[in-house]
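One-letter residues, chain by chain:
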Amino acid sequence: MRPILVLLHRWCGLFIALFLFTAGLTGAVISWDHELDEWLNPHLFDAQTEGQAQDPLQLVDALEARDPRLQVSFMSLALEPGHALGIFVDPRIDPATGKAFKLGFNQLGIDPVTGEIQGQREWGAISLSRENLLPFLYKLHYSLHIPDGFGIELGMLFFGIVAIVWCLDCLVALWLSFPNLRSWRKSFAFRWSQGGYKLNFDLHRSGGVWLWLLLLVLAVTSVSMNLERQVTRPLVELFSPLTPSPFASRTPVTLDEQIVPLIDRRQAISVADAEARRLGWDAPPGGLFHSAEFGVYGVGFYEPGDDHGDAGLGNPWIYVDSQTGELAGAHVPGTGSAGDIFLQAQFPLHSGRIIGLPGRILVSLLGLAVAGLSLTGVVIWAKKRRSRLLAEQRLRGVSQAMT
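Presented here is an overview of the structure given in this document. (Residues numbered from 1 in each chain as written. Predicted model: local features only at pLDDT ≥ 70, side-chain atom pairs only at ≥ 80, totals over all residues. Heavy atoms only, no water.)

Turning our eyes to something else, we now look at the layout of surface pockets. A water-sized probe, rolled over the atoms, reveals where empty space remains. Taken as a whole, the second largest pocket holds about 870 Å³ of empty space. In this structure, the second largest pocket is lined by 37 residues; those nearest its centre are H9, A173, H204, G377 and I380. Secondary structure elements with two or more residues in the lining of the second largest pocket: α1 (2–30), α6 (154–177), α7 (196–210), α8 (212–226) and α14 (357–402). Sort the elements by how many residues they give to the lining of the second largest pocket and α14 lands first, with ten residues. Across the lining of the second largest pocket, the residue classes tally to 20 nonpolar, nine polar and eight charged. (1 Å grid on protein atoms, 1.4 Å probe; cavity = no way out; pocket = protein on both sides within 12 Å on 5 of 7 lines; lining within 4 Å. Points joined across faces, edges and corners; volume = space filled by probe spheres on them. Helix = DSSP H or I, 4+ residues; strand = E, 2+ residues; numbered from the N terminus. Nonpolar A, V, L, I, M, F, W, Y, C, P; charged D, E, K, R; others polar.)

This part is about a nonpolar patch on the surface. Judged by side-chain polarity, F21, L25, L357, I361, L365, L368, L375 and V379 come together as a nonpolar surface patch covering roughly 690 Å² of accessible area. Where the nonpolar patch is concerned, the elements lending two or more residues are α1 and α14. It is α14 that provides the largest number of residues to the nonpolar patch, a total of six residues. Relative to the helices and strands, F21 resides in helix α1. (Patch = residues over 30% accessible without salt bridge, like charges linked within 9 Å, V, L, I, M, F, W, Y side chains within 5 Å. Areas by Shrake-Rupley, 256 points an atom, 1.4 Å probe, with all protein chains shown as cover. Salt bridge = Lys/Arg side-chain N within 4 Å of Asp/Glu carboxyl O.)

On the surface, a cluster of negative charge is made up of E80, D282, E303, D306 and D307. Tracing the sequence through the fold places D306 in the loop between β6 (296–301) and β7 (317–321). Using a relative accessible area of 39% as the deciding quantity, one classes D306 as partly exposed. (Lys, Arg positive; Asp, Glu negative; His and termini not counted. Charge placed at Lys NZ, Arg CZ, Asp CG, Glu CD. Buried < 20%, exposed > 50% of the residue type's maximum accessible area, 1.4 Å probe, protein only.)

This next bit is on the packing of aromatic side chains. Using the criterion set out here, one finds 18 aromatic pairs in the structure. Considering the side-chain rings of F247 and F289, the 6.1 Å spacing of their centres and the 45° angle between planes classify their relative orientation as tilted. Taken together, the residues span a long stretch of sequence, with F247 in helix α10 (residues 246–249) and F289 in strand β5 (residues 285–291) at a distance of 42 residues. Given a relative accessible area of 19%, F289 falls into the buried group. A ring pair is formed by F289 and Y319, whose centres lie 6.2 Å apart and whose planes are at 55°; its orientation type is tilted. Of this pair, F289 sits in strand β5 while Y319 sits in strand β7; the two residues are 30 residues apart in sequence, bridging distant segments of the chain. You'll find F289 and Y319 in the same group, each marked buried. Chaining the aromatic ring pairs together yields one cluster made of F247, F289, F294, Y302, W317 and Y319. (Phe/Tyr/Trp six-rings, centres within 6.5 Å; stacked < 30°, edge-to-face > 60°.)

Ranked by internal contacts, the top residues of the largest apolar core, which has 27 residues, are M75, I87 and V89. Looking at this core, the elements that each hand over two or more residues are α4 (56–66), β1 (70–76), β2 (85–91), β3 (107–110), α11 (265–278), β6 and β7. Contacts of V89, omitting those with residues within four sequence positions, involve L70, Q71, V72, S73, L103, F105, N106 and L108. Core analysis: the next-biggest nonpolar cluster, separate from the first, contains 21 residues, I16, C167, L216 and A219 among them. (Core = buried A, V, L, I, M, F, W, Y, C linked by side-chain atoms within 4.5 Å. Contact = heavy atoms within 4.5 Å.)

All right, on to the pairing of β5 then. Most of β5 is tucked away, with seven of its seven residues classed as buried. Pairing geometry for β5 and β6, over six bridges, is antiparallel. Looking across to β6, one finds that S291 is bridged to V296. Once β5 ends, the chain turns through four residues before running back antiparallel as β6, passing G295 with a positive phi of about 70°. (Pairing = 2+ DSSP bridges.)

Its 14 residues place the ends of α11 20 Å apart at the C-alpha level, agreeing with the 20 Å of an ideal helix rising 1.5 Å per residue. Turning to α11, the residues buried within the fold contact α4, β1, β5, β6, β7 and β8 (327–331). N-capping of α11 is provided by D264, with a side-chain oxygen placed 3.1 Å from the backbone N of R266. Positive phi shows up at G280, right after α11, with a value of about 85°. (Expected span 1.5 Å × (residues − 1). Polar contact = N/O pair within 3.5 Å; in protein donor to acceptor, adjacent residues only side chain to side chain.)

Sheet architecture is open: eight strands sit in the order β4-β3-β2-β1-β5-β6-β7-β8, paired in antiparallel fashion. A strand with exactly one partner marks an edge of an open sheet, and here the two such strands are β4 (117–121) and β8. On average, each strand axis in the sheet is inclined to that of its neighbour by 25°, with strand direction left out of account. As judged from the five bridges shared by β1 and β2, these two strands associate in the antiparallel manner. Residue pairing across strands places V72 opposite V89, the latter belonging to β2. Its contacts with the sheet put α4 on β1, β2, β3 and β4, and the angle it makes with β1 is roughly 160°. (Axes fitted to C-alpha atoms, helices over the stretch in contact; angles between N-to-C directions.)

Inspection of the secondary structure puts D169 in helix α6. In terms of polar contacts, D169 uses its side chain to reach the side chain of H9, at 2.7 Å.

Below, the structure is given as structure tokens:
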């Protein structure tokens, strides 16, 4: 049995090594994506004009009136002092072609005083420029920038498969690390003084054992986020009922086939706010998104500056059907069935945000550890392969000498 598991660990490890090395290094950086992005690109995030800020809804109304090619897909509803209004946009349908306009950008920074565009970029573009660096790394982390095809996000699908193999490899590696009860101490030890190959081996084996549970959490949450609809929700529903979600129950369309809303954003906010007050929520509407692919508005409830949901299970959201104006569901962290809470915890666990700043530091260090374990594993394989090839050469030499 053990030789089969060794072979399985070797080939699973080689298959995922490059991807986990990339994901580990990028994950260590994007734990701080918001802070680093704001530092690198103040023109997108910091207000450039002093004075009385306008109402964000009026700012986006004016923007859409100036450029009818676009529609706002996400916006903050409350501005932090000194901050620009950050928005994301989708293209509208070009009447001449019947297809979505080609904008060349999807994120804007709006001066809250004048309403002028301070900066714009294509979030996720393949570029290492200062403006695009953090979004490039973020998208690299979960999709390697593999292009979509056949109506499928191929990069997310492929990385989801990698994560499934990683989960399997975690279980196999733990089994191999404890061959018997007598040698269990070795699996926690590091031969620091001996260095070289022995230390490299211990860093891989013992390092993986010390971090095993945290690595398994990263692997499982990776599957959940990349393959939620395809894998995680169906599996969770085998054990626990899930609250209906408009994103799980509806089939998305492309932006070329987008669902044009029949109610405006103010009506959606009014419907969601009334529901929030009925539920007894105190936080004000803090953010709004519109999904033209699903035909849904989402209104998030949080104080200004809390838009990233940096602690616990994140912020609550209420969804409104963009065609009928009826409530389409809600995301209320910490409520629902056991399955609901499990799904709610996936991103907070993966990012470490579930325990705030300490969790983000931990995940950043774990990213470096994942990259290190991938590298040491390849070194072990290369060393054993070289030894095997040399042994085969010596055997051939002896056979030739005897003949």
